[in-house]
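# Architecture and fold: a report
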Amino acid sequence: MAPGPAAAEGGAPSQRPEPATGGAARQRVDDDVRLARAALTRLTEPGDEVVGRWLRELGPVALRRALTGADAPPPGASDRRLAGCALRAARLDPAGDLAAMEALGGRFVCPEDAEWPSQLDDLEDARPVGLWVRGAASLRMWALRSVAVVGARACTDYGAHVATTLGAGLAERGWVVTSGAAYGVDGAVHRGALSANGATIAVLASGANVPYPRGHTELIDRVAEQGLVLAELPPGSHPTRSRFVLRNRVIAALTRGTVVVEAQYRSGSLVTARWAQRLGRCAMGVPGPVTSALSAGVHELLRGEALLVSDADEVVELVGSIGDLAPSRQGPVVGRDLLEAAAAQVLEALPARGTSDTRAVARDAGMSHDETLTRLYELLSLGFVQRSGERWELARPEQQGKSSRRGGS
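Residues numbered from 1 in each chain as written. Predicted model: local features only at pLDDT ≥ 70, side-chain atom pairs only at ≥ 80, totals over all residues. Heavy atoms only, no water.

### Re helix α11 (residues 268-278)
Listed as buried for α11 are Ser269, Leu270, Thr272, Ala273, Trp275 and Ala276. Where α11 is buried, its residues meet β3 (146-151), α10 (241-254), β7 (257-261), β8 (282-286) and α12 (293-302). N-cap assignment for α11: the residue whose side-chain oxygen lies 3.1 Å from the backbone N of Ser269 is Ser267. Directly beyond the C-terminal end of α11, a positive phi value near 80 degrees is found at Gly280. (Buried < 20%, exposed > 50% of the residue type's maximum accessible area, 1.4 Å probe, protein only. Helix = DSSP H or I, 4+ residues; strand = E, 2+ residues; numbered from the N terminus. Contact = heavy atoms within 4.5 Å. Polar contact = N/O pair within 3.5 Å; in protein donor to acceptor, adjacent residues only side chain to side chain.)

Below, the structure written as structure tokens:
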């Protein structure tokens, strides 16, 4: 694994943290732990493996105290780091940050929460301290069937067309489409998923309440309504060049595979794909004209261990096989009687035979369209339903057990 941004401060080799446990419902996390983790997202930068090691060794509450001068500094902490933390500590208000997210209908998800996607633990000490989340869907459930599609900001018409088609095609096949909400390929793939009435996740390099780029404010707000918007940085934070690069590791770890559509030789999209390879995920690339500089990075990726794909069916064929790592199972993941009331209500609204579109299910369940879509994707991840184009149906007995998931999630 590549060294973190503060690896020069030394210390013991990183060890994999213990994965979070819990069921599909959100479990109670100690208030002090949640406040401490929220504070650490403002005190430290994302992806810092030294901070990750301290967090593993000391725990969030003790580490917050150590970095703010309330206790002895963490072992090996430099004067420069402590001075920086002291400056940031002057404006710490984790309770205010939590309240700001709650006012937006959002939340702060910790590794101790049942909603935490355990595949993020593959990042080891570079794992996020926590995630600020906008959107009603369960992050853990949606991440079980997610694919990243990333690419050039200044993409060509060809790149935009391919990204839009992939986003729509993956959504129609019941997959959650994840990207970074940037101009170009990212925006196109989000729009493709939304246009297909599908699920999509935007991972930002800013605070979850700071749409970036500004020109995508409306798009990001729509993603928050129909899907999820995630950020490692606390509310009000603005992006920097390094934060964009570090954000890419979260996209790679959260998903089963990463598809790159157009990228130059030096591109953040290639960083995402290489993180995917490093983490044992599937890295894929869509080829382009050999005369296009925007395809040069993708072609270089394809000369390595990445796999060539040209449409959503080929992507699903590759990422679906990752579920073979998980133990085989029969039937849904949880019993029907363990479903949350809203999910059970949506399940009851589906016909016993045949298919129904989202609007009809919403009408029969007595819920909004977006809430119904959220619950349908949760039910899909749990193995109760399946999607075919724009329509939904109960999972057939021979299909139950084929709703694959990443091992340990």
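### What about unusual backbone geometry?
Following Tyr212, the chain continues to Pro213 via a peptide bond in cis, the omega torsion being 5 degrees. Assignment of secondary structure puts Pro213 in the loop between β5 (200-207) and α9 (217-226). Within the chain, Glu124 stands out as a residue other than glycine whose phi angle is a positive 55 degrees. As for its position among the elements, Glu124 is in the loop between β1 (107-109) and β2 (131-134). Assessed through its relative accessible area of 26%, Glu124 is described here as partly exposed. A positive phi angle, near 65 degrees, is found at Ala181, a position not held by glycine. Take Ala181: it is sitting in the loop between β4 (176-179) and α8 (185-195).

### A few points about the sheet that holds strand β10 (residues 356-357)
Ordered in space as β10-β12-β11, the three strands form an open sheet in which the pairing is antiparallel. Of all strands in the sheet, those bounded by a partner on one side alone are β10 and β11 (385-388). Here β11 runs beside strand β12 (residues 391-394); their pairing, made up of four bridges, is antiparallel. Bridging across to β12, Gln386 finds its partner in Glu393. Strands β11 and β12 of the sheet are contacted by helix α16 (residues 369-382), whose axis makes an angle of about 115 degrees with β11. (Pairing = 2+ DSSP bridges. Axes fitted to C-alpha atoms, helices over the stretch in contact; angles between N-to-C directions.)

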